[in-house]
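Each chain is listed here by its residues.
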Amino acid sequence: MSELDQLYREVILDHYRNPRGHGALEPHDAHAEGQNPLCGDEVSIFVRFADDGETIDEIGFEGRGCAISQAATSMLTELVKGRKAEEVAVLPKDELLEEIGIPLTPIRLKCAILGLGVLKVALHRAKGTPLPEEWRTLENELRLADD
Amino acid sequence: MAVTPATKLDARRLRADFPVFDELVNGKPVAFLDSAASTQKPRQVLDAMREFYEHSYANVHRGVYTLAERATAGYEGAREKVRAYVNAPSSREVIFTRGATEALNLVAYAWGLDNLGPGDVVVITELEHHSNFVPWQFIAKKTGAEFAHIPIDDLGELQLDALDEIATRGNVKVVANNLVSNTLGTVNPVEKLATWAHEQGAIMVVDAAQAAPHRKIDVQALGCDFLAFSSHKLCGPSGVGALWGRRELLEEMQPFNFGGEMIRSVALDRTSWNELPYKFEAGTPAIAEAYGFGVAIDYVSEIGLDAIEAHEHELVVQAMDALAEIPGLRIFGPPAERRTGIVSFELENVHPHDVAQILDWEGVAVRAGHHCTQPLMTRLGVAATTRASFYLYSLPEEVDRLVAGLLKVRKTFA
C-alpha cells in the first residue's frame, strides 16, 4: 500500500463522504463548537442523554474542514455512542487515533482530535465532567467557542 | 511582458546554485512551489555568510579594531545595496528591520501614534496581508481614527471608484497597500494610489514583500513615502528586511525601539536620538543576515529582475492554462497579465489541506490556508485556498507535476 493510500485509506474517505451522526440534534442536552484556526476546520457537536441522564443516547455533529477532521469526528460519534459522559470525559485520544489508524504529523493531529476536544468541552459544560489540563490548553488553542 | 533572448534566464542552470534541490522528499526531488512564503538559498549567499562569520565578524559601528571595521563595512555595504535596489535617494533612508512585518509595524507605531486622531481616516485594502492590515487596525483604534478599506472586484482587483466615497469620511492620513498580493499575485496600481493619497494630504505606505523579489522597484517612480520588504523572500537569510522612508518623515518621527546605538546622548533626565538611520536600529542588528541580504540582492540583480519577471510570467501562464483544464478547479485572481507568479485555487469538495497533503506525497510543496489574508478569504467566500508560487529556479516540469498531483487528488476524492 502506498503512503497516499495509507493516509487517505478507504475507511477515512468513506467517513468523509458519508459522515455518521451528521446533523444537529434539536433539542439537545449538551453542545459545543470549535475551530482549528490553522486550517479553518469547524466542528459543532450535539448530545442527547438516555433516561439515566448519563449515557450518550444520541450524538450529532455539523462541520466543515479537511477530510481528517470530518472523518475523525464521524468515527468519534460511533466510538462514544452508548458510553457514559464521565467515561468519555477521560477517554484517551489514543483510542480515537487507533480508530483512525494512520500516522499523523503534529499539524494534522490537531485536525484529528478537534471533534473529541469539542465533545469533552460539551460534556464538561453540561455535566461538570472533568476537563483535564491537556484539553484546557486545547480549548484555548482550538478556540472552542463559548455558547 | 515579451520574452526576448536577452531577458531569458536559464532556470535549470541556476538550480545548480541551490543545494536544497539535491534533496529527495518521499523519494522524489522536491517541486518547491512555495516561494511566496519563503525562497530557497543559493550557495553564493550561504558561502558568503559563512565567510563573513569566519573572517569579518564583530559587532558593528563602535569597535575601533580591524574586525569591527570589516563587519561595519559589510553591514553598511549591504545598506547601500538595498538603497540601489529600490532606487532610494539616500542610504540614510534605509533602515534594517527584522523583515517587512517589523518595518510596517515601525511605520504604524512611530508615524501613526503621533499623527492620527479622531476625524482621520486610515485606508487599507481588502487584499492586504495581515502584516499591513492588523498594525493599522490596531493603531486606528488606539488613536480614534477611522479604518476604511478599498474593496476588490471578483477578479481580486482594487475598486478605485470607492476612493471618492472614502474621501468623504474624514481626513485621509494614510493609504497602505501591497504592491503585489501574496494570495492572488495581483499587481496593484500603487502609483495611482500614491497620487490620490498625496492629493488627500496622506502618506503612502507600500508593502513590497511580494514585489521586490520579482520585479524592478523604484521608490521614486512609485511616488510612495514608505516601502517595506524582506530578505528571505529574495534568496537571502530570514531575520532581516528593510524599510525605506522619505527622509523628512523619518526625521520627524520618534524612535520605535529604544536601547543601544539609537541614542546620541543619555543623561539621567533626558536622551537625544542618533541620526538616521541609526535612530531606528536599537540594539545589535542581524549583522551577518544583513550582509547576506546584500549578497542575495547581488545574486538576483545579476540574473536581472526583467528576466525573473518574464520567467515567472511564462510559468504562471502555463499553470493557469493547465489548471483551467482540471474539472472542478477554480482559480482566484486576475488574468496572468496582471499578476506575478502566484496562483491560488480551490478544488471542488476537497479541503486545501488535503490537497497539499496529497501533493506532498508526490514531492510537490504548495501552501494551503488563509495565507494571512483572512479578510480576503471572507471576500472570496472560502475558508482557505491552495497556492502555488514560482521563482527564478522554478521549472515547467514542476508545473506539470503539480497538475498530475491534482489529478491524483481528484481521483482519491472522487
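About the thresholds
Residues numbered from 1 in each chain as written. Chains lettered and ligands numbered in written order. Predicted model: local features only at pLDDT ≥ 70, side-chain atom pairs only at ≥ 80, totals over all residues. Helix = DSSP H or I, 4+ residues; strand = E, 2+ residues; numbered from the N terminus. Buried ≥ 20, exposed ≤ 12 C-beta atoms within 10 Å, placed from the backbone. Contact = placed C-beta atoms within 7 Å. Nonpolar A, V, L, I, M, F, W, Y, C, P; charged D, E, K, R; others polar. Domains from an automatic or database assignment. Pairing = 2+ DSSP bridges. Axes fitted to C-alpha atoms, helices over the stretch in contact; angles between N-to-C directions. Core = buried A, V, L, I, M, F, W, Y, C linked by C-beta atoms within 7 Å. Expected span 1.5 Å × (residues − 1). Parallel < 35°, antiparallel > 145°, perpendicular 65-115°, else oblique. Left-handed = near helix turned anticlockwise from the far one by under 90°. pLDDT = per-residue confidence, 0-100.

Some thoughts on the overall build of chain A
Counting its regular elements, chain A contains 7 helices and 3 strands. Start at the N end of chain A and walk to the C end: the helices and strands fall as α-α-β-β-β-α-α-α-α-α. Burial analysis of chain A (147 residues in total) assigns 44% to the buried set. Contacts in chain A between residues far apart in sequence, at least 24 positions, make up 65% of those at least 6 positions apart.

Concerning the interface of chain B and chain A
Each partner contributes to the interface: chain B provides 12 residues, whereas chain A provides 9 residues. Ranked by residue count, the leading element in the side of chain B that touches chain A is helix α12 (residues 352-361) of chain B, at 5 residues. Tallied by class, the residues present in the side of chain B that touches chain A amount to 4 nonpolar, 7 polar and 1 charged.

Quick word on the domain arrangement of chain B
Residues and elements named next belong to chain B. As far as domains go, chain B holds domain 1 (5-32 + 304-412) and domain 2 (47-301). Computed over C-alpha atoms only, the centres of domain 1 and domain 2 are separated by 28 Å. On the domain 2 side, the residues contacting the 22 residues of domain 1 number 22 residues. Elements that contribute at least two residues to the side of domain 1 that touches domain 2 include exactly α11 (305-324), β14 (342-347), α13 (374-380) and β17 (385-389).

Some thoughts on the sheet that holds strand β8 (residues 203-207) of chain B
Hydrogen bonds along the backbone pair up the strands of a sheet, which may run parallel or antiparallel. All names here are of chain B. Spatial ordering of the open sheet is given by β4-β10-β9-β8-β7-β5-β6, a layout of 7 strands whose pairing is mixed. The outermost strands of the open sheet, each flanked by one partner alone, are β4 (94-97) and β6 (146-150). Strand after strand, the sheet turns through a mean of 20 degrees between neighbouring axes, direction not considered. The pairing of β8 with strand β9 (residues 226-230) spans 3 bridges and is classified as parallel. Paired with D207 across the two strands is A228, which belongs to β9. Where helix α5 (residues 134-143) meets the sheet, it contacts β5 (120-125), β6 and β7 (171-178), and its direction lies at approximately 150 degrees from that of β6.

Quick notes on the pairing of strand β11 (residues 263-266) of chain B
All names here are of chain B. For β11 and strand β12 (residues 271-273), the ladder comprises 3 bridges, and the chain directions are antiparallel. What sits directly across from S265, in β12, is S272. Between β11 and β12, which pair antiparallel and follow one another directly, the connecting turn spans 4 residues.

What to know about unusual backbone geometry
Of note, the amide linkage connecting A:E26 to A:P27 takes the cis form, showing an omega dihedral of -5 degrees. Here A:P27 shows up in the loop between α2 (10-17) and β1 (30-36). With omega at -5 degrees, the peptide bond leading from B:L276 into B:P277 counts as cis. You can see B:P277 is positioned in the loop between β12 and α10 (287-303). The phi dihedral of B:E261 falls on the positive side, at around 75 degrees, and the residue is not glycine. Inspection of the secondary structure puts B:E261 in the loop between α9 (247-252) and β11.

With respect to the nonpolar core
Nonpolar side chains tend toward joint burial in soluble globular proteins. Judged by nonpolar contacts, the single largest core of 167 residues is most densely connected at A:I45, B:V122, B:V206, B:A208, B:F226 and B:A228. The two domains that each donate at least three residues to this core are domain 1 (5-32 + 304-412) and domain 2 (47-301) of chain B. Non-local contacts of B:A208, meaning those with residues more than four positions away in its chain, are made with B:L179, B:I217, B:L227, B:A228 and B:F229.

Considering the environment of B:A202
All names here are of chain B. Along the chain, the position of A202 falls in the loop between α7 (190-199) and β8. A count of 23 C-beta atoms within 10 Å places A202 in the buried class. A C-alpha to C-alpha distance of 16 Å links A202 and N132, two positions 70 residues apart in sequence. Setting aside anything within four residues of it in sequence, one finds A202 in contact with V172, K173, V174, V175 and A197.

As for helix α4 (residues 100-115) of chain B
Relative to the 22 Å expected for 16 residues at 1.5 Å per residue, α4(B) spans 21 Å between its end C-alpha atoms, a close match to the ideal helical length. Among the 16 residues in α4(B), 12 count as buried, and that is most of the element.

Some thoughts on the packing of helix α3 (residues 67-80) of chain A against helix α5 (residues 93-100) of chain A
Residues and elements named next belong to chain A. The geometry of α3 relative to α5 is characterised by a closest axis approach of 10 Å and an angle of 115 degrees between their N-to-C directions. What the angle tells us is that α3 and α5 run roughly perpendicular. Crossing angle aside, the handedness with which α3 passes α5 is right-handed. In this structure, α3 uses A72, M75, L76 and L79 to contact α5, whose residues at the interface are E95, L96, E99 and I100. Tallied by class, residues from the contact of α3 with α5 come to 6 nonpolar, no polar and 2 charged.

Considerations on the confidence of the model for chain B
Looking at chain B, pLDDT values average 95 and 99% of them are 70 or higher. Model confidence for the complex is summarised by a pTM of 0.91, with the ipTM given as 0.80.

Considerations on the packing of α4(B) against α5(B)
All names here are of chain B. As a packed pair, α4 and α5 sit with axes 9 Å apart at the nearest point and diverge in direction by 15 degrees. Our classification of the angle between α4 and α5 gives roughly parallel. Our pair here, α4 against α5, has a crossing hand that is right-handed. On the side of α4, the interface is formed by L104, N105, A108, Y109, G112 and L113, while α5 contributes P135, W136, I139 and T143. Residues belonging to the contact of α4 with α5 are distributed by class as follows: 7 nonpolar, 3 polar and no charged.

A word on the sheet that holds strand β3 (residues 56-64) of chain A
All names here are of chain A. Strand order in the open sheet made by the 3 strands is β1-β2-β3, with antiparallel pairing throughout. Either end of the sheet is taken by a strand with one partner, and the two such strands are β1 and β3. Strand after strand, the sheet turns through a mean of 15 degrees between neighbouring axes, direction not considered. Here β1 runs beside strand β2 (residues 41-49); their pairing, made up of 7 bridges, is antiparallel.

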